[in-house]
Amino acid sequence: MAGPPQSSNSENIESNIDAGLATLRAQFPARFNAAESEPSLREENAKLLGKKGELTAILKQLGAVAPEARKAIGERVNALKTEVEAAFQKRLATIEAAKRDAELNARPFDLTLPGRLAAPIGHAHPISIVRDEIVDIFARLGFQVHDGPEIELEDYNFTKLGFPPDHPATDMQDSFWTTSGHLLRTHTSNIQVRAMLSQKPPFAFIAPGAVYRRDDEDATHLPMFHQIEGFMVNERVTFAELRGVLTEFAERLYGRDTTIRFRPSYFPFVEPGAEVDVRCVFCKGGGCSICKQTGWIEILGAGMIHPAVFEHCGIDPEKYTGFAFGMGVERIAMLRYDIPDLRMLVENDPRFLVQF
Ligand code: FA5
């Protein structure tokens, strides 16, 4: 029996294809949405687009379509294929996002358990360690701590201490000035002035803090460093007590075999004045580049408070005497820890700091 004519056969196939396409178009969104996991989604996708997939089967029928209709129907098949592929990617993204959310929301560990590694904790900077040690020694000797500002009046930093304005002696401590006529204090001696203006003797204070100078930096100089001022005012305070306090301080800090020496020196606010050196710990007094071949390292200036300073601060110089000293914390840290260059203290290299 002869088959149906060629053209009507082709039309049958065309309508078969269109019916198949319509069925798939109606089904595939629900089929993808029903897939809850990536593997089941991929399985569903393979059923549609895989080698033996339903859309692939439809595509294979194209060969039997009359050539003049093939292009149009091919385009319809491809359009559906594109829709299916896009829907697959969209569903895949949704499934992956849901999986990530589930992982994040799941609590795979007990957040309240202590960590397995001890968290590294920091510690005080060596300058602070030494400052605290010095403050502690003087506190035990009966000194109270006095605080004061780093931005200071010229009057308190210089004038009341016997440096007249524009006097060449201020060149010893060249400072940083603000436009309003204040300056960054060049030493902690401003605290003597503040204490004497506000309190009646007897008293004994120490005052730690940062100071600033236009000094060029080198192994023993920084433009910002720390000092600790100390002063005691009472009736009949003598130089012997100054010497006793500083010797006791040096021995408590550096050990009983420490040697210190007093050298006569000039500061406008003391009379007599001295500089105090500690025997160089690097060369044991033999002379090296750090102590500039002298065998000694200067740590502080000291002396008996000048009667003019008492007068400027309203204290009767006939009744009271007192001593004062000011030491550089970095220089003391240098000797305490054998640090060859002060700049290491401010570079903040963790390999250096971790040693303290
Ligand atoms: C003074 O600053 C006086 N106010 C000290 C004083 C107080 C004398 C009371 C008498 C009575 P001097 O400029 O020498 O003095 O500094 C004191 C100490 O600070 C020095 O001995 C030194 O240890 C330290 N020092 C001075 N300049 C620097 C600097 N650029 N960098 C680090 N440390 C410094």
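Scroll up for the structure.
Parameters and conventions
Residues numbered from 1 in each chain as written. Predicted model: local features only at pLDDT ≥ 70, side-chain atom pairs only at ≥ 80, totals over all residues. Heavy atoms only, no water. Helix = DSSP H or I, 4+ residues; strand = E, 2+ residues; numbered from the N terminus. Rg over C-alpha atoms; globule rule 2.2 N^0.38 Å. Buried < 20%, exposed > 50% of the residue type's maximum accessible area, 1.4 Å probe, protein only. Contact = heavy atoms within 4.5 Å. Pairing = 2+ DSSP bridges. Expected span 1.5 Å × (residues − 1). Arc of directions from axis to C-beta. Near = heavy atom within 4 Å. Polar contact = N/O pair within 3.5 Å; in protein donor to acceptor, adjacent residues only side chain to side chain. Areas by Shrake-Rupley, 256 points an atom, 1.4 Å probe, with all protein chains shown as cover. Nonpolar A, V, L, I, M, F, W, Y, C, P; charged D, E, K, R; others polar. Axes fitted to C-alpha atoms, helices over the stretch in contact; angles between N-to-C directions. Parallel < 35°, antiparallel > 145°, perpendicular 65-115°, else oblique. Left-handed = near helix turned anticlockwise from the far one by under 90°. Phe/Tyr/Trp six-rings, centres within 6.5 Å; stacked < 30°, edge-to-face > 60°.

K.L.:
Let's hear about the overall build of the protein: which residues, and what values?
P.N.:
On a plain count of helices and strands, the protein comes out with twelve helices and nine strands. Taking 2.2 N^0.38 as the reference for a compact globule, 356 residues should give roughly 21 Å; the C-alpha atoms of the protein span a radius of gyration of 44 Å, well beyond that estimate. Once the C-alpha set of the protein is aligned to its principal axes, its extents read approximately 145 × 45 × 40 Å. A burial count over the protein gives 41% of its 356 residues as buried. Of the contacts formed within the protein by residues at least 6 apart in sequence, a portion of 67% connects residues at least 24 apart.

K.L.:
Explain the pairing of strand 5 (residues 224-234) residue by residue, including any values.
P.N.:
Counting buried positions along strand 5 yields eight of eleven residues, so the element is predominantly enclosed. As paired elements, strand 4 (residues 203-212) and strand 5 share ten bridges and run antiparallel to each other. Each bridged residue has a counterpart across the sheet, and for Pro208 the counterpart in strand 5 is Ile228. As paired strands, strand 5 and strand 9 (residues 321-328) are joined by eight bridges and run antiparallel to one another.

K.L.:
Can you explain helix 5 (residues 126-140)? Please cite residues and give values.
P.N.:
Between its terminal C-alpha atoms helix 5 stretches 21 Å, which fits the 21 Å expected from 15 residues at 1.5 Å a residue. For helix 5, the complete set of buried residues consists of Pro126, Ile127, Val130, Ile134, Val135, Ile137 and Phe138. For helix 5, the angular spread of buried residues about the axis comes to 170°, placing them on one side. Positioned one or two residues after helix 5, Gly142 has a phi angle of 100°, which is positive.

K.L.:
Give a detailed account of the site of the ligand, specifying residues and quantitative values.
P.N.:
Taken together, 27 residues lie near the ligand, and His187, Arg213, Asp215, Leu222 and Glu298 sit nearest. The contact in question runs from a nitrogen atom of the ligand to an N or O atom on the backbone of Leu222, over 2.9 Å. Between the ligand and Glu298, the relevant distance is 2.6 Å, taken from an oxygen atom to a side-chain nitrogen or oxygen of the residue. Burial of the ligand by the surrounding chains reaches 96%, relative to a free accessible area of 670 Å². Of all the secondary structure elements, the ones that give two or more residues to the shell around the ligand are strand 5, strand 7 (270-279), strand 8 (296-305) and strand 9. Looking at the shell around the ligand, the element that brings in the most residues is strand 8, giving five residues. Partitioned by chemical class, the residues of the shell around the ligand number eleven nonpolar, ten polar and six charged.

K.L.:
Account for the pairing of strand 7, with residues named and values stated.
P.N.:
With seven of ten residues buried, strand 7 is to be regarded as a mostly interior element. Sheet topology places strand 6 (residues 260-265) next to strand 7; six bridges connect them, and they run antiparallel. Of the residues in strand 7, the one forming a bridge with Arg263 is Glu275. From the end of strand 6 to the start of strand 7, which pair antiparallel, there are four residues. Pairing geometry for strand 7 and strand 8, over eight bridges, is antiparallel. Residue pairing in the sheet places Asp277 in a bridge with Glu298 of strand 8.

K.L.:
Run through the packing of helix 5 against helix 8 (residues 239-254), naming residues and quoting values.
P.N.:
Viewed as axis vectors pointing N to C, helix 5 and helix 8 meet at an angle of 130°, and their least axial separation amounts to 10 Å. Overall, the two elements helix 5 and helix 8 adopt an arrangement that is oblique. Seen from above, helix 5 lies across helix 8 with right-handed handedness. Residues Glu133, Ile134, Ile137, Phe138 and Arg140 of helix 5 form the contact with helix 8, whose participating residues are Val245, Phe249, Arg252 and Leu253.

K.L.:
Now, about unusual backbone geometry: what can you tell me, with residues and values included?
P.N.:
In this structure, the amide linkage connecting Pro201 to the following residue, Pro202, adopts the cis form with an omega of 5°. Along the chain, Pro202 turns up in the loop between helix 7 (190-198) and strand 4. The backbone of Lys292 shows a phi angle near 55°, a positive value even though the residue is not glycine. As for its position among the elements, Lys292 is in the loop between strand 7 and strand 8.

K.L.:
Quick rundown of the packing of aromatic side chains? Include the residues and the values.
P.N.:
Think of a pair of aromatic rings as described by two things: how far the centres are apart, and how the planes are tilted against each other in angle. Applying the stated criterion to the full structure yields 16 aromatic pairs. Measuring from ring centre to ring centre gives 4.8 Å for Phe138 and Phe249, while their planes differ by 20°; the resulting arrangement is stacked. Highlighted residues: Phe138 in helix 5 and Phe249 in helix 8, separated in sequence by 111 residues. For Phe138, a relative accessible area of 0% gives the class buried. Relative to Phe269, the ring of Phe267 lies with its centre 5.8 Å away and its plane at 40°, an arrangement referred to as tilted. Aromatic ring contacts, followed pair by pair, group Phe138, Phe143, Phe249, Phe323 and Phe325 into a single cluster.

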